[in-house]
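# Chains, contacts and geometry: an overview
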Amino acid sequence: MRVTWRQRSGASARFVSGGGDSSAGLHALPRPVAVVVGAGGVLGAAHVGVGYALEQRGFVPDMIIGTSVGALNGAIAAAHPDRAAPWLDHVWTQLRRREVYPLGYLSSRASVFTDRGLRRLIARAELPSRIEQLTVPFTAVAMDLVSGAPALLDRGDLESALLASAAIPGMLPPVDRAGRTLVDGGVIAYVPVLAARQAGAASVVVVATGLESSPLPTTHPRRRASAIAARAGLLLLHHQIERDLHEVSQHIPTVVLPTGIESWPAPWDFGHSQRLISTASLTAGRFLDGLRIDGPGLYRADDPSVPSARPGEASTSSIQGAGL
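Residues numbered from 1 in each chain as written. Predicted model: local features only at pLDDT ≥ 70, side-chain atom pairs only at ≥ 80, totals over all residues. Heavy atoms only, no water.

## Observations concerning the overall build of the chain
Quick reminder of the rule: Helix and strand definitions here come from DSSP, where helices need a minimum of 4 consecutive H or I residues and strands a minimum of 2 consecutive E residues; each element is numbered from the N-terminal end. The buried label goes to any residue with under 20% of its type's maximum accessible area, the exposed label to any with over 50%, and the partly exposed label to all in between, with areas taken from a 1.4 Å probe on protein chains only. Here, residues are in contact when the closest pair of their heavy atoms is within 4.5 Å. Accessible surface area values rest on a Shrake-Rupley calculation with a 1.4 Å probe, where residue burial reflects the displayed protein chains alone.
Per the secondary structure count, the chain includes eleven helices and eleven strands. When each of the 324 residues of the chain is scored for burial, the buried share is 57%. Counting only contacts in the chain whose residues sit at least 6 apart along the sequence, the fraction spanning at least 24 positions is 78%. Carbon and sulfur atoms make up 53% of the accessible area of the chain, which totals about 13200 Å².

## Here we look at the nonpolar core
The following threshold applies: Only buried residues count toward a nonpolar core. Its members are Ala, Val, Leu, Ile, Met, Phe, Trp, Tyr and Cys residues joined through side-chain atoms within 4.5 Å.
In this structure, Leu 127 and Phe 138 are the most contacted members of the largest nonpolar core, which totals 70 residues. With sequence-adjacent residues up to four places away left out, Leu 127 is seen in contact with Ala 75, Ile 76, Ala 79, Ile 122, Leu 134, Leu 158 and Leu 162. Counting residues in hydrophobic clusters, the runner-up holds 22 residues, among them Ile 65, Val 191, Val 193 and Val 204.

## Examining the pairing of strand β3 (residues 63–67)
Here is the rule: Two strands are said to pair when DSSP picks up at least two bridges between them. For a crossover, the right-handed case is the one in which the path from the first strand over the helix to the second runs clockwise, viewed with the strands pointing away from the viewer.
Most of β3 is tucked away: five of the five residues are buried. Of the two faces of β3, both are covered, the one formed by Met 63, Ile 65 and Thr 67 as well as the one formed by Ile 64 and Gly 66. One ladder, built from four bridges, connects strand β2 (residues 33–37) with β3; its direction is parallel. Within β3, the position partnered with Ala 34 by the bridge is Met 63. Read from β2 through helix α2 (residues 45–56) to β3, the crossover connection turns out right-handed. The pairing of β3 with strand β4 (residues 138–144) spans four bridges and is classified as parallel. When the sheet's bridge partners are listed, Gly 66 is paired in β4 with Ala 140.

## Topic: the packing of helix α6 (residues 116–123) against helix α7 (residues 158–165)
Our working definition: Only the stretch in contact is used when fitting a helix axis, every axis being a line fitted to C-alpha atoms; angles between N-to-C directions are given from 0 to 180 degrees. Just so you know how the angles are binned, under 35 degrees is roughly parallel, over 145 roughly antiparallel, 65 to 115 roughly perpendicular, and the rest oblique. Working rule for handedness: look at the near helix, and if it is turned counterclockwise from the far one by less than a right angle, call the crossing left-handed; if clockwise, right-handed. Each residue receives one of three labels: charged for Asp, Glu, Lys and Arg, nonpolar for Ala, Val, Leu, Ile, Met, Phe, Trp, Tyr, Cys and Pro, and polar for the others, Gly being one of them.
At a minimum axis separation of 11 Å, α6 and α7 run at an interaxial angle of 135°. Considered as vectors, α6 and α7 are oriented oblique to each other. Seen from above, α6 lies across α7 with right-handed handedness. Of the residues in α7, those in contact with Leu 118, Arg 119 and Ile 122 of α6 are Glu 159, Leu 162 and Leu 163. Residues that form the contact of α6 with α7 fall into these classes: four nonpolar, no polar and two charged.

## Let's talk about the environment of Ala 199
Examined against the element boundaries, Ala 199 turns out to sit in the loop between α8 (193–198) and β8 (203–207). We classify Ala 199 as partly exposed; its relative accessible area is 43%. As for Ala 199 and Thr 139, which are separated by 60 residues in sequence, their C-alpha atoms are 8.9 Å apart.

## Considerations on the confidence of the model for the chain
A low pLDDT means the predicted coordinates there should not be read in detail. Defined as follows: How sure the predictor is of each residue is captured by pLDDT, a score from 0 to 100.
Looking at the chain as a whole, its pLDDT mean stands at 81, while 77% of the residues score no less than 70. Residue range residues 1–23 is modelled with pLDDT below 50. Its contacts to residues more than four positions away, or to other chains, number 58 contacts. Residue range residues 303–323 is modelled with pLDDT below 50. Its contacts to residues more than four positions away, or to other chains, number 60 contacts.

Shown next as structure tokens:
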């Protein structure tokens, strides 16, 4: 396999062909290392595959920063840093839409779905009650609905922090926490690398779902309202991600692990989880086996032999569903 390198912001990023010490790249990262787990809805299954690749190489981060579905997956990884992937694999491959987004009678008009499905998932995850009790230091990123500022939740009640970080506006109810009304962190920090640097990380490993790991394809949407809205939303997310990655990579090594996902499921379709996990595990593993670190910069695949995500123009709901 051949892996090329992509240089950004004066970075001296280098990749070599597989072989030798498969974990050399990870072990060369300056400490403390933050794993950043981004948003992505049903694509969060890809996090599990990337987690397998990291666990198989004996990698344990010094901190984990998660937003939206990445906060849920990240908290479980922070609780069980050496065995989270198999547990998450079982959960994701059994998961169905009604378990995450159950319809029902609501106590208010703040959301379409209740959060009781997410509460059940959190309760089954064998997590401690408080963030400080997690094995690996952890931060969940949400957004303050009044000010629009990021809310970095690194202490206190864990369940409310995860519910807040995953509260897709309009879809799941906002969370009142410490006097603030909080919603999905993916709105303001789809890939929370800025929060990782603020927390003192000397290097970052981004656990991707797709948008983080490859350039956006230049396609023209069909002349339909849904396709145009979907493309605009995708561009908005992509520019936010690129801006944040570019800013952080100027100062510290920023590794974005590819997933190899070429087709995206509908935002409510959890039936593709096994495919996403398997593809991401293989692709991220191949990438890691060729990774070499040489100072600050943006390290990510830019080669046809390492497939990258190719988001489609499916529908406006695909963009809206990506918030979790």
